[in-house]
Amino acid sequence: MAMVALLILLFPAAGAILLAGRGWRAPRIVTVIVGPGVVWASFAATLVLFFNQVSSDFSYWTWIKSGSFEVPFGLLIDNLSIFMCMVITGVGGLIVTYSVGYMEHEDGPSYARFFTYMDVFIFSMLLLVLADNFIFLIVGWAMVGLSSYLLIGFWYQRHSAVVAARKAFVMNVIGDVGMILGTFVLFVNLHSATYSSVFKAIPQADSSTIELAAFLLLVGAIAKSAQLPLHTWLPDAMEGPTPVSALIHAATMVTAGVYLVGRMHPIYDVAIYAHAAVAIVGAVTALFAATIAIVQVDIKRVLAYSTMSQIGYMFLAVGIGAYAAGFFHLLSHAFFKALLFMAAGNVIHAMHDEQDMRKYGGLWGQMRPTSISFLIGSLSLVGVIPLVGFFSKEQILGLAFTKPDDNMVALVLGQAIAAPSGRPPACAAAGDDDHGRRPRGPGHRRRLDPDQGARRGSGARDRFPRVGARARALGGRRHRDRRHVPDHDPGHRVVRRRALHPALVRVRAMGAAGARAQVLLRRAV
């Protein structure tokens with residue numbers, strides 16, 4: 001089983017090397033097969049370890065040896081690492097496979113470069129969760145930051161993408177410094193860098209040294225998981241392609257902080273002040289991010305702040321010692337957040353890269369499968385029974401209510417966190433066109449529907465499905481369809497085009513009611 005565990009790492013590494021070396025010259029089908037294929041191969045290897053119930057610390061060679069100090073290259077296989085590998089390779093495999101179609105408009109070299117970065121990202125995260133010592137934990141931790149920099153700035157022609165990638169890299173370097181300092185404190189005092197030796201040497205009583213190491217490790221977790229106050233990089237990371245956002249939010253990067261606290265639980269169980277700080281940071285971030293998400297209009301930024309809120313939920317769980325509940329919510333969140341981001345990618349493609357939800361409307365009838373998927377993901381995010389989000393959230397809240405000092409935190413979170421969750425589908429799928437406030441963007445004039453195909457040559461009624469409601473609200477002159485519509489039912493006339501009466505241009509600012517009154521007066525005359 002030692003070789004199977006190593007194959008989990010080798011498959012994405014080999015895929016990244018192959019695509020980086022020859023991918024830009026090879027036919028596109030090679031990239032299509034290798035890019036997602038190596039991730040699914042790692043998933044298959046993880047399943048082998050899972051079904052065989054492997055639990056061992058495999059050492060392959062000695063990386064550093066100086067006197068009595070020795071750091072091996074080893075992989076720790078236990079329930080937690082297998083769980084994280086299944087999330088990374090399972091949900092990550094779905095996202096990378098989705099990228100095959102989403103990124104098909106890229107040319108050959110860019111297409112291969114994208115999947116190279118994705119495979120490096122998967123490899124980095126797998127190294128992070130499989131490492132059996134702090135040295136390779138830091139290596140994987142830093143490589144995840146590097147991979148996010150490359151993917152967020154994938155479209156380097158955009159200045160905003162370059163700035164966002166740089167911001168994410170700097171924020172994560174702050175966390176890396178905290179990780180390195182925390183490891184140094186543990187090494188100086190416990191004289192070891194492997195998990196097993198450090199955890200055995202931890203004293204049973206709390207001390208300033210353990211608290212310092214735990215707080216420094218928490219800095220790394222806060223930066224990687226975009227918690228307050230190192231959270232500002234995550235919304236800007238939406239400048240990358242949508243599959244990158246899905247991978248960062250659902251399966252890899254932002255879950256690393258939760259994994260770190262869970263892996264270091266022998267330290268945090270002793271360091272009571274640092275452990276309480278984890279719960280406080282999570283609770284504050286959850287409420288803070290949820291309130292910000294309410295006022296966002298960019299569909300991906302709403303999901304980004306929602307992720308911050310849900311990761312805060314997980315921090316609250318592991319901060320009060322409910323590790324199983326926190327990781328259960330990590331698993332459920334990975335699935336419904338990946339679903340939400342991939343559905344959002346469909347909408348963004350159909351709207352010609354328009355991400356402002358105020359310019360959406362009527363997508364339920366034109367993108368029914370995507371709308372249903374978005375609705376299911378949103379209901380799970382809200383925590384509606386019988387979807388998985390209900391069970392994972394209720395478990396956290398139930399355990400939080402058993403803590404006398406955390407009742408108020410749990411009550412506030414239970415009321416506030418779900419607030420922004422249903423906004424994107426409500427605005428995009430069932431809402432009126434841009435909620436009657438702003439005109440449609442150019443992407444609405446000719447939609448590319450990934451569910452039903454492009455509607456070409458179907459007439460103005462298909463291209464402007466809701467102009468009728470708009471024209472009625474603003475008092476436009478109506479032009480009948482060829483079909484007979486009774487005069488006593490003007491509200492159901494099919495509108496072909498709209499021409500405002502000159503006198504009504506001046507009263508548009510009065511709103512729909514004033515304009516309607518002017519229309520009625522004109523008809524009476």
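Figured I'd write up the structure that's included with this text. (Residues numbered from 1 in each chain as written. Predicted model: local features only at pLDDT ≥ 70, side-chain atom pairs only at ≥ 80, totals over all residues. Heavy atoms only, no water.)

A cluster of nonpolar residues, Leu146, Tyr149, Phe169, Val170, Val173, Ile174, Val177 and Leu181, forms a patch on the protein surface that exposes about 630 Å² of accessible area. The greatest single-element share of the nonpolar patch, amounting to six residues, is contributed by helix 6 (residues 159–190). Checked against the element boundaries, valine 173 lands in helix 6. On the basis of relative accessibility, which here comes to 34%, the residue valine 173 falls in the partly exposed class. (Patch = residues over 30% accessible without salt bridge, like charges linked within 9 Å, V, L, I, M, F, W, Y side chains within 5 Å. Areas by Shrake-Rupley, 256 points an atom, 1.4 Å probe, with all protein chains shown as cover. Salt bridge = Lys/Arg side-chain N within 4 Å of Asp/Glu carboxyl O. Helix = DSSP H or I, 4+ residues; strand = E, 2+ residues; numbered from the N terminus. Buried < 20%, exposed > 50% of the residue type's maximum accessible area, 1.4 Å probe, protein only.)

Moving on: the packing of aromatic side chains. Two measures describe an aromatic ring pair: the distance that separates the ring centres and the angle between the ring planes. A full pass over the atoms with the stated rule returns 18 aromatic pairs. Between phenylalanine 73 and phenylalanine 136, the ring centres sit 5.0 Å apart and the planes meet at 75°, which makes this aromatic pair edge-to-face. In this pair, phenylalanine 73 is assigned in strand 2 (residues 69–77) and phenylalanine 136 in helix 5 (residues 134–152), connecting sequence segments 63 residues apart. The pair phenylalanine 73 / phenylalanine 136 is uniform in exposure class, with both members buried. Taking 5.3 Å as the distance between ring centres and 80° as the angle between the ring planes, the aromatic pair formed by phenylalanine 114 and phenylalanine 154 counts as edge-to-face. Taken as a pair, phenylalanine 114 in helix 4 (residues 108–130) and phenylalanine 154 in the loop between helix 5 and helix 6 lie far apart in primary sequence, 40 residues in all. Residue phenylalanine 114 shares its accessibility class with phenylalanine 154, and that shared class is buried. In textbook terms, an aromatic cluster arises when at least three aromatic residues are bridged by ring pairs, as seen for Tyr111, Phe114, Phe115, Tyr117, Phe154 and Trp155. (Phe/Tyr/Trp six-rings, centres within 6.5 Å; stacked < 30°, edge-to-face > 60°.)

Helical periodicity: at 3.6 residues per turn, an α-helix aligns residues three or four positions apart in one direction. Taking 1.5 Å of rise per residue, 19 residues should cover 27 Å, and helix 5 covers 27 Å from first to last C-alpha, within 8% of that figure. Within helix 5, the full set of buried residues consists of Phe134, Phe136, Leu137, Ile138, Gly140, Trp141, Val144, Gly145, Ser147, Ser148, Leu151 and Ile152. One side-chain oxygen at the N-terminal end of helix 5 lies 3.1 Å from the backbone nitrogen of isoleucine 135; it belongs to asparagine 133. (Expected span 1.5 Å × (residues − 1). Polar contact = N/O pair within 3.5 Å; in protein donor to acceptor, adjacent residues only side chain to side chain.)

Here we come to the environment of asparagine 172. Checked against the element boundaries, asparagine 172 lands in helix 6. For asparagine 172, a relative accessible area of 1% gives the class buried. Here the alpha-carbon distance between asparagine 172 and tyrosine 149, two residues 23 residues apart in the chain, equals 9.6 Å. Those residues in contact with asparagine 172 that sit more than four places away from it in its chain are Ala223, Lys224, Trp233 and Met253. (Contact = heavy atoms within 4.5 Å.)

Next up on the list: the pattern of salt bridges. Applying the stated criterion across every chain yields a total of six salt bridges. Aspartate 236 is the salt-bridge partner of arginine 301, the closest N and O atoms lying 3.5 Å from each other. Of this pair, arginine 301 sits in helix 14 (residues 299–319) while aspartate 236 sits in helix 9 (residues 233–236), and the two are 65 residues apart along the sequence. In this structure, arginine 358 and aspartate 356 form a salt bridge, with 2.9 Å as the shortest nitrogen-oxygen distance. Among the residues examined, arginine 358 registers a relative accessible area of 26% and is labelled partly exposed. Its relative accessible area of 11% is what places aspartate 356 among the buried residues. Here the salt bridges do not stand alone but share partners, grouping Lys167, Asp236 and Arg301 into one network.

Read these as layout, nothing more, since geometry by itself doesn't imply function.
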